[in-house]
Amino acid sequence: MRFSYLSPKHTGPSKTPSNVLCDKIKYLPLLFLLFFSCVRKIELKPGEYRLHNLAFKGNKQISTEELEYLIPPTQKPNRRPLNLPITPYVAFYNLGKTFYNKEKIESRWKKWTSRLDALPVPLVYDAEIEKKRKKYQRKANIYKERLETKENWWMKNVGEPPAKITEFAIKRTSDNIQKYLYNKGFFDNVVTYQIDTANSNKGIKVTYLVDEKNAYLIDSITYDIKDIKVDSIIKKSLTASLINTSQRVDMNNINLEKSRMELVLKDEGYYNFVAKNYISTEIDTTDYIKKNYRVNIRMIVRNPSLKNQHEQFRFDSVNFISADPSNDNTVRGDTTQTTYNGVNYTFIGKRFPARLLDKKILIRPGQLFKVSSVNETNRQLYGLDQFAFANIRFTQLADNKLRTDIIAPTNPKYTAAYNFDVNNINGILGGGANVSLRARNLLSVLETTELGLRANLEGQPGLDTTVQRSRELGANLAFNFPKIIFFNKISNILSLKSPRTQVAVSYNNSSQQLYRRQVVRLTANYSWQRSKYETIQISPFDINLINTPYKSFAFDSILTSEAARGNNLKVLFDPQFVSSINATYIFNNQQQGKNVRARYLRIFVESGGTTLNFFPDRNKIKFIDRLFPLDTTTQRAYFRFIKVNVDFRKYYPINSRDSWAYRVNVGVAHPYGDNQALPFEKNFFIGGPNSIRAWRPRSLGPGSAQGVTVGNRFFQQPGDILLEGSVEYRKYLFRFIGNWNAGLFVDAGNVWKWYQITSKFDEANFDWGRFYKEFAVGTGAGIRLDLDYFIARFDWGVKVIDPSRAEGDRFVLNKTKLGRNNDYYPVFHFAIGYPF
């Protein structure tokens, strides 16, 4: 590159320092382009081209996106963010190349390989040694790959090599596309390619010209099965067939049908049946033109060589072997053996109740081999959280018998976990710590016991302009049982539905200058899976004893004043007894990490204070007041209410990476006690990162009423009725460290009170004549970083319609301004995971 300059006599008049700075800043984008454009010259071997662009033309029935999957990563153009004429990832790759050190990588590979080779091979499974073995193997593989690819971490994960291609590679990919279309039923397809070298400075453009021609459809399907018994089994299962007449011929579906047939037979004892060995397909295209491109498919199931039928196998002996990976040899030598319901149990070290394990093992001596029972046994044992894994091995014996060995190394009896976080709220540096201890099988009923401790410190606004520290301490103890306890008949029916019973007690103490609050909670929960996508949860009791032993005089005076105006915020800080029973139904067919059409439905029903209806005085429980007495000036609040919440979400993929997401969230809570109030935690709230994002958390509503502010503190706005909906467009952008995605959204909704509030007459309560005028509407955009193991989300929301303003003046999008001093500035939210 050549640079020139002007002598002083050619320069213009002198500028102020601020103007000089502005002039320099405006050249930054140019410098940015120059930096990424002035990369190393691409070295090309004879016959290689620099690949600039790639396209498909002519395809009509098979999407371009589907065809793009057939292009190997090494034959794709370099990424250009926002389609700008720059390739920053190539620059990053070249930068990483300067740090590649072959000797250093080779030294580390030898180090981890030697550590791997030095590990002993114990006779009995040792969890610690196996953990080290996996770690050392993983490290050795990483450095071996870096030696083979000549790429370090930066080059592989941050940058990308310059896109180069040969005509031989283009021809091979063209052939692969043609084969793919053939397998999709386009038997006469033609695929060619075109290389455009018009702009050779940038590189070539490759265009694949696709002519699909006519698709071949299935006219008839016949099954030619030599084994009469196998023929009968297969034909009984044809209602679940994955290929049907009038479908387009698709070899992938035909192969899936072969796999389905294999599973059907393996569920009937055919242990040695493998589809690729015994099932073949014939496609008859005779007179296909007369039949309007329809063909006949024949599925052929052959017999084993020199045999006239397939053999069925039965389980012989079933042996369950549990090994404790403890390093204590004396414990390892403590072996217990027992037999229960035909299964031989051997416990090396830790002992487990065979009676309870028996409900999780579905394999029995004398039964026909059934692959679904084997897989379900594996799933049930792993779900107990008592075993690291379950490995089921089979040994073929004479007379078509199978010896079955279930090897299940145990998890450690005790495990501990902890995490820390740091925050800066209201200008005060704070944070928190959580420590949990898990113990397994303490009560010898396959249960897990969890003890958790937590502490938090954060800033909270005071009644004036000051900010004070808030401290929170908590503890919880939970027992988790892998069955439905107390109901044996129900437990037996649901034993294979991943049943769980949890009984938990917790204590929480939050303290600040304004008040100190204590909560003791006792809960019980039953849960099970009704099907693959359905979960049911029932809580027979959820009891909360809440007390506020201290309130500052100034704070208590403000709460009393608000109560006189009809605001029930004072209830939050009164002594309370809250009891309820609830049930939840969840349907969720989303697939983790896959962009597929899916639905999510959650129905929650709760009845609070139900037992109060059976007492003479429905406003209190006397033995609770006697057990936890209060002074004569304080009265404990009891609540009676019914609550229903329905949350429905739907996901529509546009392509493999982009999608639309919809959500409707409706809830009604009716407080029918004399105090006409809900416990604060049972209210509905709206606004925040997972709700209407143009408002701060829990700050919207109720209705068209103004939010309540006490001193410098903006109180959360509770409601008894919730109507909320969201629409979000999710768009893939690019990959750098992780997948970067954009989101455009519109949120709408509000909360309302069931009863009138004196200070907010005809504003906060739900009214059929005006509720539709009180919907808040917000819109905005966001950026999401998907790192596979979690998603970091950054959303900005702006208000469109503000129901707290007077009618006719509620459209506020034109009032949006930057700066927090403006009431309608964009609200920023940081959150983990998608909003719905």
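Structure: see above.
Summarised in this report is the structure supplied together with it. (Residues numbered from 1 in each chain as written. Predicted model: local features only at pLDDT ≥ 70, side-chain atom pairs only at ≥ 80, totals over all residues. Heavy atoms only, no water.)

Turning our eyes to something else, we now look at the overall build of the chain. Each helix and strand in the chain was counted, giving 17 helices and 31 strands. By the burial criterion, 41% of the 836 residues in the chain qualify as buried. Total accessible area on the chain stands at roughly 46,500 Å², and carbon and sulfur atoms take up 55% of it. (Helix = DSSP H or I, 4+ residues; strand = E, 2+ residues; numbered from the N terminus. Buried < 20%, exposed > 50% of the residue type's maximum accessible area, 1.4 Å probe, protein only. Areas by Shrake-Rupley, 256 points an atom, 1.4 Å probe, with all protein chains shown as cover.)

With mixed pairing, the five strands of this open sheet are ordered in space as β9-β10-β8-β12-β11. Strands with a single pairing partner mark the edges of an open sheet, and in this sheet they are β9 (335-340) and β11 (391-397). Adjacent strand axes in the sheet meet at a mean angle of 20°, parallel and antiparallel pairs treated alike. Across six bridges, the pairing between strand β8 (residues 314-323) and strand β10 (residues 343-348) is parallel. Directly across from N319, in β10, lies its bridge partner N344. In this fold helix α14 (residues 371-383) packs onto β8, β11 and β12 (401-409), with an angle of close to 150° to the strand it touches most, β11. (Pairing = 2+ DSSP bridges. Axes fitted to C-alpha atoms, helices over the stretch in contact; angles between N-to-C directions. Contact = heavy atoms within 4.5 Å.)

With respect to the helices and strands, the residue N750 is situated in strand β28 (residues 738-752). For N750, a relative accessible area of 0% gives the class buried. At 3.0 Å, the side chain of N750 forms a polar contact with the backbone oxygen of G703. Contacts of N750, omitting those with residues within four sequence positions, involve I686, L700, G701, P702, G703, I721, L722, L723, E774, F775 and P803. (Polar contact = N/O pair within 3.5 Å; in protein donor to acceptor, adjacent residues only side chain to side chain.)

This paragraph deals with the pairing of strand β23 (residues 641-653). Across 11 bridges, the pairing between strand β21 (residues 598-608) and β23 is antiparallel. By the bridge assignment, S607 is partnered in β23 with I642. Pairing of β23 with strand β24 (residues 659-671) involves 13 bridges; the strand directions are antiparallel. Within β24, the residue paired with N645 across the bridge is G667.

With that out of the way, let us pick up a positive patch on the surface. Together, K104, R108, K111, R115, K131, K132, K135 and R138 make up a region of like positive charge exposed at the surface. The set of elements that each furnish at least two residues to the positive patch consists of α5 (102-118) and α6 (127-149). Of note, K135 is situated in helix α6. You can call K135 partly exposed: its relative accessible area is 41%. (Patch = residues over 30% accessible without salt bridge, like charges linked within 9 Å, V, L, I, M, F, W, Y side chains within 5 Å. Salt bridge = Lys/Arg side-chain N within 4 Å of Asp/Glu carboxyl O. Lys, Arg positive; Asp, Glu negative; His and termini not counted. Charge placed at Lys NZ, Arg CZ, Asp CG, Glu CD.)

Viewed as axis vectors pointing N to C, α5 and α6 meet at an angle of 155°, and their least axial separation amounts to 8 Å. Our classification of the angle between α5 and α6 gives roughly antiparallel. Two packed elements cross with a definite hand, and for α5 against α6 that hand is left-handed. Listed contacts from α6 to K102, I105, E106, R108, W109, W112, T113, R115 and L116 of α5 are R133, K135, Y136, Q137, K139, A140, Y143, K144, R146 and L147. For the contact of α5 with α6, a count of residues per class yields eight nonpolar, two polar and nine charged. (Parallel < 35°, antiparallel > 145°, perpendicular 65-115°, else oblique. Left-handed = near helix turned anticlockwise from the far one by under 90°. Nonpolar A, V, L, I, M, F, W, Y, C, P; charged D, E, K, R; others polar.)

It is worth spelling out the nonpolar core at this point. Counting 25 residues, the largest nonpolar core has F320, Y345, L357, F369, L381, F387 and I406 as the members making the most contacts within it. Elements supplying a minimum of two residues to this core: β8, β10, α13 (354-357), α14 and β12. In this view, L357 contacts F320, Y345, F347, F352, L381, L384, F387 and L446; residues no more than four positions away in its chain are not counted. (Core = buried A, V, L, I, M, F, W, Y, C linked by side-chain atoms within 4.5 Å.)

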